[in-house]
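Residue-level structural notes
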Amino acid sequence: MLFFTFPVFSQVVKTPFPVTNLAWSKNDEFFAFTEENTVFLRSCSNYELSDTLGIKNIDKIMFSTEGKHQILLAITKDGYFSVWNIESAEDGFLKFNKEPYFKLDCKNESEIKAVTFSKNSDYVAVASDDNSIKLFFKLRFTKDAIFKELKGHDSEIYSLNFSKNENFLASTAKDGTAIIWNCNSLSEILKLSEIYTQTEIPVQFLADNSSIIAPENETSFCIYNLEGEKLLSIDTLHKIKGIKPLNKENKIAIVTENDEIELYDLSKEKWLGYIPSYDFSPLTDFEFNPDNSRILIGYESGSIFEFFVKDVLLSPGQKPPKKITSAENYGELNSKGGTGSSSRGWGITNGTFKTRHGKYLCISLNLRSAPSPYNLSAGFSTEFLTYDLLPPFYTGICVSPYIGFPESNYPYKYTKNSTSLETPLLAGLDLCAPFGIFVMPFVNNEIGFSAEIFAGTGVCLLWNRNFGAESAASKPFISFNFGTKLGINWKYFSLNVAAQWDSVQKIMISTELGANFKIGEKK
């Protein structure tokens, strides 16, 4: 295979917010991406920003056609469904009509658990907290809709998906039950059980409209026909984060725990290869164009990459290139949408930077100066940090036990109960709350820098090196402290230097070497 013999060109769009949805137009001339409350429309030819549209609490977007018109479908997490016409302006830009020509409020008194719409916007489905589904049918001439309630689930429904021909609806519930509904007769035609639901990957239809794909366990999936017969089972040997059928043929894409996209041809029962991750933040969405020749990949960092699939699909055992060279930048997003930029390497330049997201557990070994007659103290610290409140800033809590070692010519003598004690150690525990900033300014590696201030309290005492009731050689001393810390990070590792003032031990300088572990990974 001759992949990457020449530089691979991709346009990178950089936004200051996580990318939540990606969609290609049906004529393959433009694409859209979203953050939580805004849709951005860009040209595929020059990547210029054509228009924006404000929609609060977006759950899903999709392009479709009605006659010769391109339309955009959008539904929010709280059940508002809208359809917009997209027109060409005199300057060649594509733009939204700011008012939808069709809209539907699907929200009722119940709490909404899942929402979706069909490819041609004829149907809208809404699952409520009473385990029922309302299936809305759009009446185009009256700009209204009628609905029918579907009941059959005994637990919370977490996903809804229509077949591409709009004939069927698949609903998946947390008890591992999936139901296939006939949208025309409004009847249940198939009920599957023992669906793997821990990752909440939905049951979906393949491009042939007569087969469905369902997760079997954390590493495998299976294919059923509409009679419930299992046709195929494939173990990917990787934890699966997401499954997406392709637009044509019975091919699917699997997102692995490493954010790699694996492609499978189900007709040939063959693994086609994989697309590596091109960003250091989690993959949030990807979308193939109508003929599956190109792919958009969006990340939590706000990066969007576009590739020709044949250029980035790697065969088994093939490693990704060290560099991806992007095309020249065309245009900029407005202030609401961030800055369009291109870069050389696996990230973003043009004055932007990356930071961490999520929650981390940091464990460090440290050495620090100690007050005379002690030379230094050694210990470890355990920190819980969260970057979700105000990235790139973080906050958290830190616990640091330590032991101080005396000088060789320790000038004091201690007795307890008429017994002479060995030179005591200094034992202590600090509890503090850090507040800092973490940035990764270099786009082609994982080097990051942190700066923080912290404040807290501590306790220390003299320890006679024994355990039990007679372990303390002095009363405990309560103190208050504050300080500052600078650090450099590479992947999981960190090196920090800190200066701290303590009301008992006064000024102390410390160094730390630690490891960082992400917890509560976002899905």
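Residues numbered from 1 in each chain as written. Predicted model: local features only at pLDDT ≥ 70, side-chain atom pairs only at ≥ 80, totals over all residues. Heavy atoms only, no water.

**Some details on the overall build of the protein chain**
In terms of regular secondary structure, the protein chain is built from one helix and 41 strands. Relative to its 523 residues, the protein chain shows a buried fraction of 52%. Pairs at least 24 residues apart make up 49% of the contacts formed inside the protein chain by residues separated by at least 6 positions. Accessible area for the protein chain stands at about 24800 Å²; split by element, carbon and sulfur atoms hold 55% of it. (Helix = DSSP H or I, 4+ residues; strand = E, 2+ residues; numbered from the N terminus. Buried < 20%, exposed > 50% of the residue type's maximum accessible area, 1.4 Å probe, protein only. Contact = heavy atoms within 4.5 Å. Areas by Shrake-Rupley, 256 points an atom, 1.4 Å probe, with all protein chains shown as cover.)

**As for the environment of Y123**
For Y123, the location among the structural elements is in strand β13 (residues 123-128). Sequence spacing of Y123 and N167 is 44 residues, and the spatial spacing of their C-alpha atoms is 9.8 Å.

**As for the nonpolar core**
Counting residues in hydrophobic clusters, the biggest one holds 18 residues, and the most contacted among them are I261, I275, F286, F288, I295 and I297. When neighbours within four sequence positions are excluded, I295 is seen to be in contact with W24, I261, I275, F286, E287, F288, F305, E306, F307 and V309. (Core = buried A, V, L, I, M, F, W, Y, C linked by side-chain atoms within 4.5 Å.)

**Quick notes on the sheet that holds strand β6 (residues 49-54)**
Read across the sheet, four strands follow the order β3-β4-β5-β6 without closing on themselves; strand pairing throughout is antiparallel. Each edge of the sheet is formed by a strand with only one pairing partner; in this case those strands are β3 (21-24) and β6. Here the strands of the sheet are splayed against their neighbours by 15° on average, with no regard to which way each runs. Alignment of strand β5 (residues 38-43) against β6, held across five bridges, turns out to be antiparallel. Paired with R42 across the bridge in β6 is L49. (Pairing = 2+ DSSP bridges. Axes fitted to C-alpha atoms, helices over the stretch in contact; angles between N-to-C directions.)

**As for the environment of E260**
Residue position: E260 is located in the loop between β25 (251-256) and β26 (261-265). Accessibility expressed as a relative area gives 21% for E260, which makes it partly exposed.

**Observations regarding unusual backbone geometry**
Of note, the amide linkage connecting S372 to P373 takes the cis form, showing an omega dihedral of 15°. By the element assignment, P373 lies in the loop between β32 (359-369) and β33 (374-390). At L186, a position not held by glycine, the phi torsion is positive, near 60°. Within the secondary structure, L186 is located in the loop between β18 (178-182) and β19 (187-192). Even without glycine at this site, K491 takes up a positive phi of about 55°.

**Regarding the pairing of strand β24 (residues 240-245)**
Looking along a regular strand, one sees the side chains alternate between the two faces of the sheet. Burial runs high along β24: five of the six residues are buried. Hairpin connection of β24 to β25: five residues between the antiparallel strands, including E249 at a positive phi of 60°.

**Thoughts on the packing of aromatic side chains**
Under the defined criterion, the tally for this structure stands at 24 aromatic pairs. Ring plane angle 35° and centroid distance 5.7 Å describe the contact between F482 and W501, whose orientation is recorded as tilted. Of this pair, F482 sits in strand β39 (residues 477-490) while W501 is found in strand β40 (residues 493-502), placing the two residues 19 residues apart along the sequence. Through a chain of ring-to-ring contacts, three or more aromatic side chains come together here, namely F17, W24, F31, F33 and F40. (Phe/Tyr/Trp six-rings, centres within 6.5 Å; stacked < 30°, edge-to-face > 60°.)

**Some thoughts on the sheet that holds strand β17 (residues 168-173)**
Pairing is antiparallel in the open sheet, where four strands are placed in the order β16-β17-β18-β19. Edge strands, defined here as strands with exactly one partner in the open sheet, are β16 (157-162) and β19. Adjacent strand axes in the sheet meet at a mean angle of 20°, parallel and antiparallel pairs treated alike. Strand direction decides the pairing type here: β16 and β17, joined by five bridges, are antiparallel. Across the sheet, L160 pairs through a bridge with S171, a residue of β17.

**Section: the state of the cysteines**
Throughout the structure, instances matching the rule amount to zero disulfides. C398 provides the cysteine sulfur closest to C432, a residue in no disulfide bond, and the two sulfurs are 4.3 Å apart. For C432, a relative accessible area of 12% translates into the label buried. (Disulfide = S-S within 2.5 Å.)

**Focus: a nonpolar patch on the surface**
Together, F384, I397, V399, L429, L431 and I519 make up an exposed nonpolar region whose accessible area comes to about 440 Å². Counting only elements with at least two residues in the nonpolar patch, the list comes to β34 (393-406) and β37 (425-439). For I397, the position within the fold is in strand β34. (Patch = residues over 30% accessible without salt bridge, like charges linked within 9 Å, V, L, I, M, F, W, Y side chains within 5 Å. Salt bridge = Lys/Arg side-chain N within 4 Å of Asp/Glu carboxyl O.)

**Details of the environment of I509**
Examined against the element boundaries, I509 turns out to sit in strand β41 (residues 506-519). With relative accessibility at 45%, the residue I509 sits in the partly exposed group. Sequence separation between I509 and S369 is 140 residues, and the spatial gap between their C-alpha atoms is 5.5 Å. Those residues in contact with I509 that lie beyond four places of it in its chain are L367, R368, S369, A498 and A499.

**Structural notes on the pairing of strand β30 (residues 303-308)**
Burial analysis of β30 places five of its six residues in the buried class, the great majority of the element. Where strand β29 (residues 294-299) and β30 come together, five bridges link them in antiparallel fashion. Within the sheet, the bridge partner assigned to G298 lies in β30 and is I304.

**Description of the side chain of T15**
Secondary-structure assignment places T15 in the loop between β2 (12-14) and β3. Among the residues examined, T15 registers a relative accessible area of 1% and is labelled buried. In this structure the side chain of T15 is engaged in a polar contact, spanning 2.9 Å, whose partner is the backbone oxygen of F17. (Polar contact = N/O pair within 3.5 Å; in protein donor to acceptor, adjacent residues only side chain to side chain.)

**With respect to the side chain of D265**
Inspection of the secondary structure puts D265 in strand β26. Among buried Asp, Glu, Lys and Arg side chains, D265 stands out as unpaired, with K268 the closest opposite charge at 4.4 Å. Within the structure, the side chain of D265 is placed 3.1 Å from the backbone nitrogen of S267, a separation counted as a polar contact. Excluding residues that lie within four positions of it along the chain, D265 makes contacts with N250, K251, K270 and L272. (Lys, Arg positive; Asp, Glu negative; His and termini not counted.)

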